[in-house]
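Single-letter residue listing:
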Amino acid sequence: MLILLAFIIVFHITSAALLFISTIDNAWWVGKDFSTDVWKVCTNITNCTAIDENNSEYQSVQAVQATMVLSTILCCVAFLVFILQLFRLKQGERFVLTSTIQLLSCLCVMIAASIYTNRHEDLHKSSGYVFDIRSGQYGYSFILAWIAFAFTLISGIMYLVLRKRK
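Residues numbered from 1 in each chain as written. Predicted model: local features only at pLDDT ≥ 70, side-chain atom pairs only at ≥ 80, totals over all residues. Heavy atoms only, no water.

## Topic: helix H3 (residues 96-124)
For H3, spanning 29 residues, the distance from its first C-alpha to its last is 41 Å, which sits close to the expected 42 Å at 1.5 Å a residue. Helix geometry: H3 is bent most strongly at Asn-118, by close to 50 degrees. (Helix = DSSP H or I, 4+ residues; strand = E, 2+ residues; numbered from the N terminus. Expected span 1.5 Å × (residues − 1). Bend = angle between axes of the 7 residues up to and from the residue.)

## Let's talk about the nonpolar core
In this structure, Leu-19, Trp-28, Val-64, Met-68, Val-109 and Tyr-116 are the most contacted members of the largest nonpolar core, which totals 24 residues. The contact partners of Tyr-116, leaving out residues within four places of it in the chain, are Trp-28, Trp-29, Thr-36, Val-38, Val-64, Leu-123, His-124, Tyr-138 and Phe-142. Counting ten residues, the second-largest nonpolar core is a separate cluster that includes Leu-5, Ile-8, Phe-82 and Leu-89. (Core = buried A, V, L, I, M, F, W, Y, C linked by side-chain atoms within 4.5 Å. Buried < 20%, exposed > 50% of the residue type's maximum accessible area, 1.4 Å probe, protein only. Contact = heavy atoms within 4.5 Å.)

## Quick notes on the state of the cysteines
Following the criterion strictly, the structure yields one disulfide and no others. Here Cys-42 engages in a disulfide with Cys-48; their sulfurs sit 2.0 Å apart. On the S-S bond that ties Cys-42 to Cys-48, the torsion sits near 105 degrees, and the link is right-handed. Residue Cys-42 is classed as buried on the basis of its relative accessible area of 5%. No disulfide involves Cys-108; its sulfur sits 9.2 Å from the nearest other cysteine sulfur, which is in Cys-106. Assessed through its relative accessible area of 9%, Cys-108 is described here as buried. (Disulfide = S-S within 2.5 Å.)

Spelled out as structure tokens, the structure:
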């Protein structure tokens, strides 16, 4: 039981780390001379411009920002609830509250990645950029967001199936 508990904790922490990296790091859309994420566009490491309301797709970017931040917060809250339930639940009960919060985190990251996938062409054709970024491709942060979706989904299902034992 202790090995299973350690695996679940490591899996959940990995999910949270993936969400933090994909939310913060500047690599959702990358090209030869630039990288962009849901916060800013960089032509090199030192020359970065924030995405603001001058961008015609700013509402889409804000939706992605909000849902990624919410998914990260929910994942962290689910971990704290799991730790609390570990000591509060009676033997044989399920971790339903933790599972619900983790599945909400999964839903949020799926919404964010789906919006970005759907709107990326319009987003990168937007007039809010100083240079042309249409020639790029999806970066590792975008891929990590989709991997985080799978991890939070699996984690949420694990918590739903898991029962507290001695």
